[in-house]
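# Secondary and tertiary structure notes
The chain contents come next:
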Amino acid sequence: MKILVAVKRVVDYNIKVRIKTDGSDVDIEGVKMGINPFDENAIEEALRLKESGLATEVVVVSIGSSANQDVLRHALAMGADHAILLEAAIAIQPLAAAKLLKAMVQREQPDLIILGKQTIDDDTGQLGQMLAALLDYPQGTFASALQIEGNECLVTREVDGGTETIALSLPAVVTADLRLNNPRFVKLPNLMMARKKIIETIDGSDFSINIESRLNLLKVSEPPARKAGIKVASVEELLSKLRAHEGILL
Amino acid sequence: MTTLILAEILNDHDSQQLSPSALQAVAAAQFWNSPIHLLIAGNNTASIAQKAASISGVERVIHTNSDHFSHPIAEDLANLIVSISHDYEVILATHSSFSRNVLPRVAALLDVEMISDVLEIKADNTYVRAVYAGNVLTTIQSVDALQVLTIHASSFTAQSLEGDAEIVSIASPAAFGKTRWISEVRSQSDRPALSAARVIVSGGRSLASAENFQQLLSPLADKLGAALGATRAAVDAGFAPNEIQVGQTGIVVAPELYIAVGVSGAVQHIYGMKESRIVVAINQDPDAPIFQVADYGLVADLFEAIPALTAAL
Ligand SMILES: Cc1cc2nc3c(=O)[nH]c(=O)nc-3n(C[C@H](O)[C@H](O)[C@H](O)COP(=O)(O)OP(=O)(O)OC[C@H]3O[C@@H](n4cnc5c(N)ncnc54)[C@H](O)[C@@H]3O)c2cc1C
Ligand SMILES: Nc1ncnc2c1ncn2[C@@H]1O[C@H](COP(=O)(O)O)[C@@H](O)[C@H]1O
């Protein structure tokens with residue numbers, strides 16, 4: 001079984017991004033970048049399937065600029081067999097990305113495709129579902145557990161109010177939730193070794209897919225901030241303050 | 001122009017109900033000033049369709065009954081929506097794990113870039129949505145002829161129930177076949193649902209065990225008629241079930257009163273609770289970031305403050 005994992009390079013989750021002074025976009029110049037956290041879970045799950053003998057090969061792919069090499073090296077250092085950079089010049093939107101990934105799936109012929117459930121920059125959470133749609137594959141989104149049984153992938157999904165388990169006929173698309181696993185730490189020697197590995201680079205335009213933006217960014221702004229209130233000295237003071245609010249019945 | 005709303009059916013203690021978020025979806029759909037149709041897919045939906053028909057502003061309720069919709073999977077729902085999509089210029093739902101599973105699939109099948117979790121509709125094709133865990137707002141304009149979107153329920157005021165829509169029953173396409181529903185585990189709780197609760201008591205990693213989490217927070221929640229919430233750290237540590245995680249990866253809540261107990265206030269957590277009307281934080285660290293979004297902060301050891309608060313109620 002071959003597994004394809006898609007990873008995105010995003011602003012590190014600890015960083016509070018700033019807005020450009022002209023309000024045209026966020027300013028991520030010089031900001032610490034890293035692999036989208038959910039995508040680390042996706043890689044980890046693929047590696048575990050390989051280590052348990054169920055999978056034979058783990059290929060990671062990232063769409064973006066040559067800067068994305070760092071997240072691909074991270075994936076190689078975790079243990080991925082092969083990394084592909086799909087170069088695309090513009091900030092790519094989910095449907096366009098899904099079309100490019102579909103082309104990669106057709107080329108690589110994986111039995112299982114694992115993505116993160118969402119990106120922490122755009123917070124869209126669409127790409128896995130879109131890719132599954134374009135391939136007419138079954139989809140198992142927000143996975144917190146995954147099991148291969150014969151020609152099926154059993155996925156436990158985190159849904160509002162509980163969990164749900166479904167079986168997908170392979171090939172299938174799964175999107176990883178944070179609770180799917182705990183991604184391994186990358187050891188320095190592995191990172192050094194990964195530096196020497198070759199990252200295959202493909203020009204996104206080779207596929208003649210129209211990846212033009214369909215969503216135009218008109219403006220970015222700060223959300224209205226919550227104001228910090230007051231500190232109370234005791235439980236009694238807290239209660240008397242709360243009781244003074246209309247509609248709060250304590 | 002006609003708008004199609006995908007409504008969600010909730011399985012609640014063996015009975016089925018229309019998700020109340022449908023009322024907010026209809027409110028959002030009013031923006032387009034065009035007829036609104038509401039789609040319900042299940043296996044025994046007559047009474048749910050009746051209820052949906054009473055939502056003010058809905059012109060038509062379309063329902064379909066089929067065995068394979070008793071536990072609907074995204075693939076079947078997407079194929080159903082696509083089968084009737086030619087009648088619509090807008091397809092929307094409230095942002096939930098249900099719609100997030102289905103609508104991106106619909107959008108891709110219809111060759112549309114989808115807009116997720118819309119906070120405000122500015123124009124027929126222009127929306128405000130949050131990125132970077134709610135730290136930045138973007139205004140985006142879609143150039144697609146068809147708009148596929150999810151809306152942020154708490155940003156829209158629910159419609160009233162004074163409508164009288166026609167109810168139309170349609171056949172559904174054949175089952176997708178490559179996905180098999182196996183089982184579900186629903187939380188059995190007598191507490192209000194997090195999404196609808198007026199008061200939420202939320203606990204963090206500092207509760208230190210599942211026993212503490214229950215023994216300290218349950219009595220308080222009981223007295224307040226509150227739902228329980230948790231941070232990711234508390235869920236990952238096994239103190240609380242995953243479905244009560246509040247935040248970027250969990251559920252977004254907007255109660256009247258949110259009491260954060262031993263919660264540090266990471267951006268990913270704040271994302272899920274900052275729309276609460278009144279926020280109370282109880283934390284022993286006076287510099288904890290949660291205090292920056294709290295109306296009332298109490299610097300105290302939760303193991304003393306929570307029993308005292310519960311006793312004082
Ligand atoms: C991609 C991603 C998504 C995430 N999504 C979410 C999400 O949806 N929801 C979420 O909550 N987190 C999420 N997180 C995790 C988030 O970053 C934080 O790690 C988490 O919210 C911290 O939980 P906590 O406040 O319980 O724990 P901590 O940060 O460890 O804070 C514990 C707090 O308890 C206080 N404390 C300790 N003992 C006591 C005591 N005796 N009395 C009073 N106070 C005490 C401490 O002062 C501290 O402030 C996400 C992270 C990532 C990377
Ligand atoms: N540029 C990209 N290159 C490769 N994979 C991506 C890219 N963008 C998103 N993904 C994958 O799709 C998942 C969901 O992304 P999104 O739908 O954009 O929130 C991510 O967690 C990644 O696994």
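Keep in mind that what you see is a predicted model, and the values were worked out from it rather than measured. (Residues numbered from 1 in each chain as written. Chains lettered and ligands numbered in written order. Predicted model: local features only at pLDDT ≥ 70, side-chain atom pairs only at ≥ 80, totals over all residues. Heavy atoms only, no water.)

### Details of the site of ligand 2
All names here are of chain A. Of all residues adjacent to ligand 2, which total 16 residues, the nearest are Ala6, Asp39, Gly125, Gln126 and Leu127. Between ligand 2 and Thr119, the relevant distance is 2.9 Å, taken from an oxygen atom to a side-chain nitrogen or oxygen of the residue. One of the backbone nitrogen or oxygen atoms of Gln126 is found 2.6 Å away from an oxygen atom of ligand 2. Taken by itself ligand 2 offers 490 Å² of open surface, and the protein chains cover 97% of this. Mapped onto the shell around ligand 2, the elements with two or more residues apiece are β6 (57-64) and β8 (112-116). Class assignment for the residues of the shell around ligand 2 results in six nonpolar, eight polar and two charged. (Near = heavy atom within 4 Å. Polar contact = N/O pair within 3.5 Å; in protein donor to acceptor, adjacent residues only side chain to side chain. Areas by Shrake-Rupley, 256 points an atom, 1.4 Å probe, with all protein chains shown as cover. Helix = DSSP H or I, 4+ residues; strand = E, 2+ residues; numbered from the N terminus. Nonpolar A, V, L, I, M, F, W, Y, C, P; charged D, E, K, R; others polar.)

### Here we look at the packing of aromatic side chains
Inspection of every chain in the model, using the stated rule, returns two aromatic pairs over all chains. Ring plane angle 80 degrees and centroid distance 5.9 Å describe the contact between Phe31 of chain B and Trp32 of chain B, whose orientation is recorded as edge-to-face. On the basis of relative accessibility, which here comes to 33%, the residue Phe31 of chain B falls in the partly exposed class. Aromatic pair Trp32 of chain B and Tyr127 of chain B: ring centres 6.5 Å apart, planes at 45 degrees, arrangement tilted. Here Trp32 of chain B, found in the loop between α1 (21-29) and β4 (36-42), pairs with Tyr127 of chain B, found in strand β8 (residues 126-131); they are 95 residues apart in sequence, far enough to count as distant. The class for Tyr127 of chain B is buried, based on a relative accessible area of 0%. One aromatic cluster is present, formed by Phe31, Trp32 and Tyr127 of chain B through successive ring pairs. Sitting over the ring of Phe142 of chain A, Arg100 of chain B keeps its end group 5.0 Å from the ring centre. (Phe/Tyr/Trp six-rings, centres within 6.5 Å; stacked < 30°, edge-to-face > 60°. Buried < 20%, exposed > 50% of the residue type's maximum accessible area, 1.4 Å probe, protein only. Lys NZ or Arg CZ within 6 Å of the ring centre and 35° of its normal.)

### Here we look at helix α2 (residues 46-53) of chain B
All names here are of chain B. Of all the positions in α2, only Ile48, Ala49, Ala52 and Ala53 are classed as buried. All buried residues of α2 project into a common sector of 140 degrees when viewed along the axis, lining one side. Residues of α2 that are exposed and point over 90 degrees away from its buried face: Ser47 and Gln50. Looking at the buried residues of α2, the elements they touch are β2 (9-12), β3 (15-18), β4, β5 (60-65) and β11 (166-169). (Arc of directions from axis to C-beta. Contact = heavy atoms within 4.5 Å.)

### With respect to the side chain of Gln147 of chain B
Residue and element names in this part refer to chain B. Considering the arrangement of structural elements, one finds Gln147 in strand β10 (residues 147-151). Only 2.6 Å separates the side chain of Gln147 from the side chain of Tyr127, close enough to count as a polar contact. For Gln147, the side chain forms a polar contact with the side chain of Ser142, separated by 3.1 Å. Apart from residues lying up to four places away in sequence, Gln147 is in contact with Glu89, Val90, Ile91, Ile115, Asp124, Asn125, Tyr127 and Ser142.

### A short note on the interface of chain A and chain B
At the junction of the two partners, chain A supplies 82 residues and chain B supplies 82 residues. Between chain A and chain B, a total of about 7100 Å² is buried, with carbon and sulfur atoms accounting for 52% of that surface. Three residues stand out in chain A for area buried against chain B, namely Arg179, Arg214 and Arg226 of chain A, and they jointly supply 11% of the buried area on that side. The residue Asp111 of chain B makes a salt bridge to Arg214 of chain A at a minimum N-O spacing of 3.2 Å. Put simply, chain A and chain B have 50 residue pairs in polar contact (both at pLDDT 80 or more) between them. The set of elements that each furnish at least two residues to the side of chain A that touches chain B consists of α3 (94-108), α4 (127-135), β9 (139-149), β10 (152-159), β11 (162-169), β14 (215-221), β15 (230-232) and α6 (235-243) of chain A. Ranked by residue count, the leading element in the side of chain A that touches chain B is β11 of chain A, at eight residues. When its residues are assigned to classes, the side of chain A that touches chain B shows 40 nonpolar, 19 polar and 23 charged. Both β15 of chain A and strand β17 (residues 296-299) of chain B contribute to a ladder of three bridges, which runs parallel. Along β17 of chain B, the bridge assignment pairs Ile230 of chain A with Tyr296 of chain B. (Buried area = accessible area lost by both parts, 1.4 Å probe. Salt bridge = Lys/Arg side-chain N within 4 Å of Asp/Glu carboxyl O. Pairing = 2+ DSSP bridges.)

### Details of unusual backbone geometry
Residue and element names in this part refer to chain A. Geometrically, the link from Leu170 to Pro171 is a cis peptide bond, its omega value of 0 degrees lying close to zero. Considering the arrangement of structural elements, one finds Pro171 in the loop between β11 and β12 (172-176). A positive phi angle is found at Asp136, which is not glycine, with a value near 55 degrees. Structurally, the position occupied by Asp136 is in the loop between α4 and β9. The phi dihedral of Ser208 is positive, around 45 degrees, even though this residue is not glycine. With respect to the element layout, Ser208 can be found in the loop between β13 (199-203) and β14. By relative accessible area, which is 67% here, Ser208 ends up exposed.

### Points about the domain arrangement of chain B
Residue and element names in this part refer to chain B. Domain annotation for chain B reports domain 1 (3-169) and domain 2 (194-312). Placing a centre on the C-alpha atoms of domain 1 and another on those of domain 2 gives a separation of 31 Å. Each side of the interface is counted separately: domain 1 has six residues, and domain 2 has seven residues. Between domain 1 and domain 2, a total of about 540 Å² is buried, with carbon and sulfur atoms accounting for 50% of that surface. Along the contact surface separating domain 1 from domain 2 lie zero salt bridges. (Domains from an automatic or database assignment.)

### Description of the packing of α3 of chain A against α4 of chain A
Residues and elements named next belong to chain A. The geometry of α3 relative to α4 is characterised by a closest axis approach of 9 Å and an angle of 50 degrees between their N-to-C directions. As judged from the angle between their axes, α3 and α4 are oblique. As α3 packs across α4, the resulting crossing turns out to be right-handed. Here Pro94, Leu95, Ala97, Ala98, Lys99, Leu101, Lys102 and Val105 of α3 come into contact with α4, specifically with Leu127, Met130, Leu131, Leu134 and Leu135. Its residues placed into classes, the contact of α3 with α4 shows 11 nonpolar, no polar and two charged. (Axes fitted to C-alpha atoms, helices over the stretch in contact; angles between N-to-C directions. Parallel < 35°, antiparallel > 145°, perpendicular 65-115°, else oblique. Left-handed = near helix turned anticlockwise from the far one by under 90°.)

### Topic: the site of ligand 1
Close to ligand 1 lie 30 residues, the nearest being Arg205, Thr231, Thr249, Ser264 and Gln268 of chain B. Surrounding ligand 1 is a set of residues that belongs to chains A and B. Arg232 of chain B is positioned with one of its backbone polar atoms (N or O) 2.9 Å from an oxygen atom of ligand 1. For ligand 1, whose free accessible area comes to 990 Å², the fraction covered by protein is 84%. At the level of secondary structure, the elements contributing two or more residues to the shell around ligand 1 comprise α1 (37-51) of chain A together with α6 (232-236), α7 (267-270) and α8 (302-312) of chain B.

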